[in-house]
Amino acid sequence: MAGSKLDVLWSPIHHDKFIVWGQDLTLYEVSNLQDIPKNAAYTQLCPTRGATVVASQSASGVRCVDISAVVEHPDPLLALGHGSGRVLLTSFKQAYDSLGLVGKEFVPRYPRQCNSVSWNKTEGHLLVVGMDKHRSDSAVLLWDVQAGAGDDFTESGPLSAAGAGEAAGCVSWCGFAPRTVLASMTSKHIKIFDMRENPGKASSSVSTRQWAGATCAGWLVAARGEGGEAALCVRDARMLTRALAVLPLQRPARKIHWSPTSTRTTRVGSPSTYDRHDSLHCVNVRRSFNSSFVTTVLLQAAATPALEEGGAGSGGGAGGAAVERDVTVSGVPVASFACHPAHRARLLTLTTTGCVAEYMVLERVCVSWGASGALAWGGTSLRVLRPARLPPSTPDLDISYKARARALNDYGLKPDLWQNAELAEDESLSSLWHFLALSKSLVEDGCIRNSGWKHPGVRSVLRSPGEGYRSEAVSALLPDLPSRKVTVYRSAERTRALQLCGWGWGWENAAAGVERAEAEGTPCRAAALAAFHLRVRAALDVLARARAPALRVAALALAPAAAGAPEERLWRDALSAAAPALPDPYLRALLHFVAAAAPPPQQPPAPHHQPDYSDVLVSSYESSLRDHITV
């Protein structure tokens, strides 16, 4: 087939049949691979379908072909335009021709080449033909294939004609009006002819560089440049002089074709208002060496008309968005393609070597968020809505997921406040709920005086409005170091504040908290609580039992404090230097506390010596709220 014109066409009504024509006309039938007999020869189109040859015949002298949409005809009815100008109706005669159309010919008054034939999809008996120029005849001829009878049919002449003294390179039907024809005239004009009234004069016309291969879908008109003009132009048939979009291509296009299943046009106003279009347009791009792909163009929201063209050969602006996508076919140049008449996004390609294959051209998918946090998008090939939920780890990125999950579990509505802490799944928020639960409990038990706040905090407990308190300073010995004294401040208000934070007063109450913190997997907090209650050896034991090797090493720093450091100056300086580099705030506060509790180096402690705990306070800022307040 190399060296001759090649094209592929789907039958508009026989959705399992297509033809390939060049030097020969070949009819193929598509079937699932499992339905094809094992001994039958077939061409595999895709992983699931194959095509078998039904019939073939010579196409000598044929210049153009189109397949009829006559439902009554059992086999694909073809219109063949020849170089002599005659148009022949034929089929592969697989069934009886009940309409008697096979074999009829339509001959123009003056012989000349037939460039294009197009069947009307709604009125199946109408056939329009585009002819070369003749000074005494028209270029666009409309034939009624059912007019007359028998061999006298050719004597009746065309039903209508247009384009006198011109040449029509391509003709196609307009779907927006009956018996209206769109024609690419070789004078670089695109013309619309109403073949019902005054067909000799075009109802609309434009001169442009993108004039060849004009084709229509709804009100949209697309045409390509010819020769070295590598561009595609889209217009509105109601205002043909203005270009909606001019799309540059890498190489001049060989064929353009509207997808019959991807065109969605919605009218939103009068004819003077441009509609919103969302259509798939396929372009076979001709390349110098290897055109191994088909470019698909998705036009979107072509609602703003471009500036009017300044005359013949000028290009229009781009009033609508376009998304281009290349469908890689193979390493062999592509000769033609055809979109399936019924199956969405199904593309049939034909290479210059005569090989056919099928591809799926997926349109751009719009993804939408749902109110519940789910994603949904449209399945273009199956026309279904596909929902999707994010993986469980994704909600951690957005607080809205947590808020929704908490709301579904009646978060904040539980009768006991501590139950909300279990639903929070956040340590800080959980601590806050426990704080509120404990505050409510202490108020109800009378341990804390209600001062007008439903949940009094530490500040209101320590100092009521207009009142103050005084603490009693008591000297105490460190339990683990009897030779070292510390000053402890006591008051009823301090005791209530410690109760409010869940600490309690004295080691008897704090020991249970240390055990609970260690059981919860927070050994650094447990060790810090023990040290803050002057139990350095208990803190050392907690760290020694930790699973992390680094914490067991940190326990060595507390050993001198538990046994009495002989070199207190070196030990204290080492603790102060190492504490800021530790990652855990409780461990930093613990080392700073032990270092601050040691007496000044090289001198006995003064009777009223007050250690500097400022580093302890700074380190505790990142700790739990209740522990930070207590420290």
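Residues numbered from 1 in each chain as written. Predicted model: local features only at pLDDT ≥ 70, side-chain atom pairs only at ≥ 80, totals over all residues. Heavy atoms only, no water.

1. Some thoughts on the overall build of the protein chain
- Of the regular secondary structure elements, the protein chain holds 13 helices and 34 strands.
- For the protein chain, the proportion of its 631 residues judged to be buried stands at 46%.
- Here the protein chain has roughly 31400 Å² of accessible surface; of this, 52% comes from carbon and sulfur atoms. (Helix = DSSP H or I, 4+ residues; strand = E, 2+ residues; numbered from the N terminus. Buried < 20%, exposed > 50% of the residue type's maximum accessible area, 1.4 Å probe, protein only. Areas by Shrake-Rupley, 256 points an atom, 1.4 Å probe, with all protein chains shown as cover.)

2. Some details on the sheet that holds strand β10 (residues 114–119)
- Judged by pairing direction, the sheet is antiparallel, and its four strands sit side by side in the order β10-β11-β12-β13 without closing on themselves. Here the strands that pair on one side only, and so sit at the sheet edges, are β10 and β13 (160–164). Taking each pair of neighbouring strands and ignoring which way they run, the sheet shows an average axis angle of 15°. (Pairing = 2+ DSSP bridges. Axes fitted to C-alpha atoms, helices over the stretch in contact; angles between N-to-C directions.)

3. Details of the sheet that holds strand β17 (residues 204–207)
- Strands sit in the order β14-β15-β16-β17 across an open sheet of four strands; the sheet is antiparallel. Each edge of the open sheet is held by one strand with a lone partner, namely β14 (168–173) and β17. Strand-to-strand twist in this sheet, taken as the mean axis angle between neighbours without regard to direction, amounts to 15°.
- As defined by bridge partners, β14 adjoins strand β15 (residues 180–185) across five bridges and the pair is classed as antiparallel. Looking across to β15, one finds that Trp173 is bridged to Val181.

4. A short note on the packing of helix α2 (residues 417–424) against helix α3 (residues 427–445)
- In contact at an axis separation of 8 Å, α2 and α3 are set at 175° when each is read in the N-to-C sense. Here α2 lies roughly antiparallel to α3, going by the angle between them. Taking contact as the criterion, the partners of Leu417, Trp418, Asn420, Ala421 and Ala424 in α2 are, on α3, Leu429, Ser430, Trp433, His434, Leu436, Ala437 and Lys440.
- In the contact of α2 with α3, the residues fall into eight nonpolar, three polar and one charged. (Parallel < 35°, antiparallel > 145°, perpendicular 65-115°, else oblique. Contact = heavy atoms within 4.5 Å. Nonpolar A, V, L, I, M, F, W, Y, C, P; charged D, E, K, R; others polar.)

5. What about helix α8 (residues 536–544)?
- Residues of α8 that are buried: Val536, Ala539, Leu540, Val542 and Leu543. An end-on view of α8 places all buried positions within 160° of arc, on one side of the element. (Arc of directions from axis to C-beta.)

6. Describing unusual backbone geometry
- The phi dihedral of Arg179 falls on the positive side, at around 50°, and the residue is not glycine.
- Within the fold, Arg179 resides in the loop between β14 and β15.
- Positioned with a positive phi, Asp410 is a non-glycine residue whose angle comes to about 60°.
- Inspection of the secondary structure assignment puts Asp410 in the loop between α1 (399–408) and α2.

7. Considering the nonpolar core
- Formed by 43 residues in total, the largest nonpolar core has its most connected members in Leu500, Phe532, Leu543, Leu558, Leu587 and Leu590.
- Every element with two or more residues in this core is listed here: α3, α4 (458–462), α5 (492–500), α6 (507–519), α7 (523–532), α8, α9 (549–563) and α11 (585–597).
- In this structure, Leu587 is in contact with Cys524, Leu543, Leu551, Ala554 and Leu582, ignoring residues within four places of it in sequence.
- Counting 17 residues, the second-largest nonpolar core is a separate cluster that includes Cys64, Cys114, Val117 and Met131. (Core = buried A, V, L, I, M, F, W, Y, C linked by side-chain atoms within 4.5 Å.)

8. A word on the pairing of strand β12 (residues 138–144)
- Most of β12 sits out of view: seven of its seven residues are buried.
- Where strand β11 (residues 126–131) meets β12, five bridges bridge the pair, whose relative direction is antiparallel. Within the sheet, the bridge partner assigned to Val129 lies in β12 and is Leu141.
- Turn length for the β11-β12 hairpin, with the two strands adjacent in sequence and antiparallel, is six residues.

9. Quick notes on α3
- Relative to the 27 Å expected for 19 residues at 1.5 Å per residue, α3 spans 27 Å between its end C-alpha atoms, a close match to the ideal helical length.
- Within the span of α3, buried status applies to Ser430, Ser431, Trp433, Phe435, Ala437, Ser439, Leu442 and Val443.
- In this structure, the buried residues of α3 make contact with α2, α4 and α5.
- Just past α3, the residue Gly446 takes up positive phi, approximately 85°. (Expected span 1.5 Å × (residues − 1).)

10. Here we look at the confidence of the model for the protein chain
- Taken as a whole, the protein chain shows an average pLDDT of 76; of its residues, 73% reach a score of 70 or greater.
- pLDDT under 50 marks residues 301–320. Its contacts with residues more than four places away, or in other chains, come to 53 contacts. (pLDDT = per-residue confidence, 0-100.)

11. A few points about the pairing of β10
- Among the six residues in β10, six count as buried, and that is most of the element.
- Note: β10 against β11, five bridges, orientation antiparallel. If you follow Trp119 over to β11, its bridge partner there is Leu127.

12. Observations concerning the side chain of Arg238
- For Arg238, the position within the fold is in the loop between β20 (231–236) and β21 (239–248).
- Classification of Arg238 as buried rests on a relative accessible area of 18%.
- Among the polar contacts listed, one links the side chain of Arg238 to the side chain of Asp236, at a separation of 2.8 Å. (Polar contact = N/O pair within 3.5 Å; in protein donor to acceptor, adjacent residues only side chain to side chain.)

13. Some thoughts on the pattern of salt bridges
- Applying the stated criterion to the full structure yields 13 salt bridges.
- Arg238 is the salt-bridge partner of Asp236, the closest N and O atoms lying 2.8 Å from each other.
- With a relative accessible area of 1%, Asp236 lands in the buried category.
- The partner of Glu518 in a salt bridge is Arg545, with the nearest N and O atoms 3.0 Å apart. Of this pair, Glu518 sits in helix α6 while Arg545 sits in the loop between α8 and α9; the two residues are 27 residues apart in sequence, bridging distant segments of the chain.
- Residue class for Arg545 comes out exposed when judged on its relative accessible area of 52%.
- A single salt-bridge network, built from bridges that share partners, covers Arg49, Arg346 and Glu358. (Salt bridge = Lys/Arg side-chain N within 4 Å of Asp/Glu carboxyl O.)

14. Focus on the packing of aromatic side chains
- For the structure shown, the criterion picks out six aromatic pairs.
- Both rings, one in Trp10 and one in Phe18, keep their centres 5.3 Å apart while their planes meet at 65°; by these two values the pair is edge-to-face.
- Given the relative accessible area of 0%, Phe18 is considered buried.
- Within the aromatic cluster, the residues linked to one another by ring pairs are Trp10, Phe18 and Tyr28. (Phe/Tyr/Trp six-rings, centres within 6.5 Å; stacked < 30°, edge-to-face > 60°.)

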